[in-house]
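Listed below are the residues making up each chain.
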Amino acid sequence: MPTAQTMELSDSITHKNGRQRKSAGVNLQMASAGDDDRGQTPSSDREMDTEEEELLRGSDSEDNRRPRIQPGIHSEVGNVSLLLFLYVLQGIPLGLAGSIPLILQSKNVSYKDQAFFSFVFWPFSLKLLWAPLVDALYLSKFGRRKSWLVPTQYLLGLFMLYLSLTIDSILESEEGHGPDILTLTAVFFMLSFLAATQDIAVDGWALTMLSRENVGYASTCNSVGQTAGYFLGNVLFLALESADFCNKYLRTEPKDSGIVTLSDFLFFWGVVFLISTTLVAVFKRENERGQGKKRVQVETQGVMETYRLLVSIIKMPTVFTFCGLLLTAKIGFSAADAVTGLKLVEAGVPKEQLALLAVPMVPLQILLPLIISKYTAGPRPLDVFYKAFPFRLLIGLGYAPLVWWTPSVKEEGGFPAYYYAIVLLSYALHQVALYSMYVACMAFHAKVSDPLIGGTYMTLLNTVTNLGGNWPSTVALWMVDPLTSKECQGAVDRSCNSLEEAGLCVKEGGICVTSVDGYYVESVVCVLIGLAWWLWLGNKIRRLQERSPAAWRCRNN
């Protein structure tokens, strides 16, 4: 059960399936398959077509002047390698952001603080708001994509260097106070925002960096690169930062700290960002033609056209109804997806062990979309969504007894192998239900999107889907503390309603005992809400499949 942010295919990494979060989003990061949108940049489709036609005409004229060579990936290994590396860099700050909640949980921060930090994972779901600007405004002499990529990656490197110098003081608990959540959230929010902006630029560059025959490799670079970067920034970092893991598997003599610290990790990748960005800025040229002032004028007008188009799409009755259903469908899963991983850390499960559970899930996450797509390829893909819904609710409810059982299983040397096997099995079942709903939803998006504006249409629906996972997770984290009740035992007239009161209780020889854990209350409430949604609105979302194609077409076209 990786992090709380990986339980969901959503802005964190199991959804970094190329064009699927771009087209597809455990964020247990959720993953996010964070049901986060890494959708294509919503630029004007006519402009993109014109640009591609210009490139093709240019390449055709060149081909007429030289012998034809059989197209192949071998001639573009350098470009593919660069794209892969850029996506790896993109995954690093996302992985680091996904590891912070587990680090905070080991420092006993409140769940309200966790909820506040969860806003860090929102930018990838909101990037539709500024993607048209990134696509249209640029310095033609420097390059359309480099105009955003280079400054964005420089800022990422500088933020990482700043954090490497300050992260210890930000996370270090002072007497009576926890980590500086406000500063931590602000800095990592900027990292996530910059990574999302870099993603827009790299996605657009991939269309012109690779030839027409090899442009399909862009989504492969996206999926593999982001996943690898997230793994490095999350799983590998948490393992190497853990003294227990390093002493058990990597050292002959035990030490009190891991092989690397968070500040060391941030400093290393900050330097990598700065050096690699400088090399790209100096030595890599964009494959652009005909980019003059007139082109910039056309692109700027396209920005407003894109925003007006988005508004017109949302106003369509069928789309408006569908968006409302998407924004509320995941309320029933929010407690299980957002809180379970943190509760397991609170119960004593090592955070690095939870992160490592994501590794054996990779083959499953690759195979599941391939298998499920066979059942969603027909005219009614949302039937799969509807059928998987109650199973995901049931699996999520099953996490509550797993958390309750965890402290009683703990042994002196840690947790037994059979415990991790049970956790892994429950996580695997959760992934089956999650991907069934996710792939079905993506298939329906592709089915109903107006082909004349497919990129913008798909990105809008994916954005709404991801927001439908983000806001319930933030609320679920926020509500754990208010729903929790604690008593001070051993001290007279003391309570444990706040950190200050709990400190006074302990000073007077008492101990704070949880009488009602808000997580269990929330788990039941969320499942009941989810069940009501399934019974009341589930058939409504299925009936949307019966609407004619004309009901989904944007009349402005």
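## A look at the state of the cysteines
- Counted according to the given criterion, the structure contains two disulfides.
- For Cys488, the disulfide goes to Cys505, at an S-S distance of 2.0 Å. In this structure the cystine formed by Cys488 and Cys505 twists about its S-S bond by roughly 90°; its chirality is therefore right-handed. Linking Cys488 in strand 2 (residues 485-489) with Cys505 in helix 19 (residues 499-507), this pair joins segments that are 17 residues apart in sequence. Assigned by exposure class, Cys488 and Cys505 land together as buried.
- Note that Cys496 is cross-linked by a disulfide to Cys512, the S-S spacing being 2.0 Å. When the S-S torsion is -90°, as for the bridge of Cys496 with Cys512, the disulfide is left-handed. Here the residue Cys496 occupies a position in the loop between strand 2 and helix 19, and Cys512 occupies one in strand 3 (residues 511-516), the gap between them amounting to 16 residues.

## Re the environment of Gly204
- Tracing the sequence through the fold places Gly204 in helix 7 (residues 181-209).
- Along the sequence, Gly204 and Arg144 sit 60 residues apart, while their C-alpha atoms lie 9.0 Å from each other.

## Some thoughts on a nonpolar patch on the surface
- Residues Leu327, Trp471, Val475, Trp478, Met479, Leu483, Val516, Val521, Val525 and Ile529 make up a contiguous nonpolar surface patch of roughly 720 Å² in combined accessible area.
- At the level of secondary structure, the elements contributing two or more residues to the nonpolar patch comprise helix 18 (454-483) and helix 20 (518-536).
- Of all the elements, helix 18 adds the most residues to the nonpolar patch, at five residues.
- Checked against the element boundaries, Val521 lands in helix 20.
- Under the relative-accessibility criterion, Val521 is labelled partly exposed at 31%.

## Things to note about the nonpolar core
- Ranked by internal contacts, the top residues of the largest apolar core, which has 63 residues, are Leu96, Leu184, Phe188, Leu262 and Tyr419.
- Considering each element in turn, this core owes the most residues, eight residues, to helix 2 (residues 77-106).
- In contact with Leu262, not counting residues within four places along its chain, are Leu96, Ile100, Ile103, Ile167, Leu171 and Phe237.
- Formed by 43 residues, the second largest nonpolar core is a distinct cluster that contains Leu310, Leu382, Phe389 and Tyr438.

## Observations regarding the packing of helix 8 (residues 217-241) against helix 10 (residues 262-283)
- Where helix 8 contacts helix 10, the two axes come as close as 12 Å, and the packing angle between them is 150°. Considered as vectors, helix 8 and helix 10 are oriented roughly antiparallel to each other. In this structure, helix 8 crosses over helix 10, and the sense of that crossing is right-handed. Seen from helix 8, the contacting residues are Leu232, Gly233 and Phe237; seen from helix 10, they are Leu262, Phe265 and Trp269.

## Structural notes on the packing of aromatic side chains
- What the rule picks out here adds up to 23 aromatic pairs.
- Their ring planes at 45° and their centres at 4.9 Å tell us that Phe245 and Tyr249 sit as a pair that is tilted. Here the residue Phe245 and the residue Tyr249 both occupy positions in helix 9 (residues 243-249), the gap between them amounting to four residues, near one helical turn.
- On the basis of relative accessible area, Phe245 is assigned to the buried category, the value being 14%.

## Some remarks on the environment of Leu344
- Examined against the element boundaries, Leu344 turns out to sit in helix 13 (residues 334-346).
- Residue Leu344 is classed as buried on the basis of its relative accessible area of 0%.
- The spacing of Leu344 and Pro407 is 63 residues in sequence and 8.9 Å in space, taken between C-alpha atoms.

## A look at the pattern of salt bridges
- Within the structure shown, the criterion is met by eight salt bridges.
- For Lys351, the salt bridge identified is with Glu241, shortest N-O distance 3.8 Å. With Lys351 in helix 14 (residues 351-356) and Glu241 in helix 8, this residue pair connects regions lying 110 residues apart in the sequence.
- A residue is classified by how much of its surface remains accessible, and Lys351, at 15% relative accessible area, is buried.
- In this structure, the salt-bridge partner of Asp337 is Arg392, at a minimum N-O distance of 2.7 Å. Residue Asp337 is located in helix 13, and its partner Arg392 is located in helix 16 (residues 382-409); the two are separated by 55 residues in the primary sequence.

## Structural notes on helix 20
- Over its 19 residues, helix 20 extends 26 Å from the first C-alpha to the last, a length consistent with the 27 Å expected when each residue adds 1.5 Å.
- Residues Gly518, Tyr519, Glu522, Ser523, Cys526, Val527, Gly530, Trp533 and Trp534 constitute the buried set of helix 20. For helix 20, the angular spread of buried residues about the axis comes to 155°, placing them on one side. Summarising the geometry of helix 20, the exposed residues directed more than 90 degrees from the buried face are Leu528, Leu535 and Trp536.

## A few points about the confidence of the model for the protein
- Within the protein, residue pLDDT values average 81, and 82% of them lie at 70 or more.
- Per-element averaging of pLDDT across the protein places strand 1 (residues 9-10) at the bottom with 40 and helix 20 at the top with 96.
- Taken as a whole, residues 3-70 scores under 50 in pLDDT and shows 284 contacts with residues more than four places along the chain or in a different chain.

## Looking at helix 8
- Taking 1.5 Å of rise per residue, 25 residues should cover 36 Å, and helix 8 covers 34 Å from first to last C-alpha, within 8% of that figure.
- At Phe231, helix 8 shows its maximal kink, close to 35°.

## Thoughts on the packing of helix 2 against helix 6 (residues 146-171)
- The contact between helix 2 and helix 6 brings their axes to 12 Å, and the two run at 25°. The angle between helix 2 and helix 6 places the two elements in the roughly parallel class. As for the relative orientation of helix 2 and helix 6, their crossing is left-handed in sense. Residues Leu86, Leu89, Ile92, Pro93, Leu96, Ile103 and Leu104 of helix 2 form the contact with helix 6, whose own contacting residues are Leu149, Gln153, Leu156, Met160 and Leu171.
- A class-by-class count of the residues in the contact of helix 2 with helix 6 yields eleven nonpolar, one polar and no charged.

The rules we used
- Residues numbered from 1 in each chain as written.
- Predicted model: local features only at pLDDT ≥ 70, side-chain atom pairs only at ≥ 80, totals over all residues.
- Heavy atoms only, no water.
- Disulfide = S-S within 2.5 Å.
- Helix = DSSP H or I, 4+ residues; strand = E, 2+ residues; numbered from the N terminus.
- Buried < 20%, exposed > 50% of the residue type's maximum accessible area, 1.4 Å probe, protein only.
- Patch = residues over 30% accessible without salt bridge, like charges linked within 9 Å, V, L, I, M, F, W, Y side chains within 5 Å.
- Areas by Shrake-Rupley, 256 points an atom, 1.4 Å probe, with all protein chains shown as cover.
- Salt bridge = Lys/Arg side-chain N within 4 Å of Asp/Glu carboxyl O.
- Core = buried A, V, L, I, M, F, W, Y, C linked by side-chain atoms within 4.5 Å.
- Contact = heavy atoms within 4.5 Å.
- Axes fitted to C-alpha atoms, helices over the stretch in contact; angles between N-to-C directions.
- Parallel < 35°, antiparallel > 145°, perpendicular 65-115°, else oblique.
- Left-handed = near helix turned anticlockwise from the far one by under 90°.
- Phe/Tyr/Trp six-rings, centres within 6.5 Å; stacked < 30°, edge-to-face > 60°.
- Expected span 1.5 Å × (residues − 1).
- Arc of directions from axis to C-beta.
- pLDDT = per-residue confidence, 0-100.
- Bend = angle between axes of the 7 residues up to and from the residue.
- Nonpolar A, V, L, I, M, F, W, Y, C, P; charged D, E, K, R; others polar.

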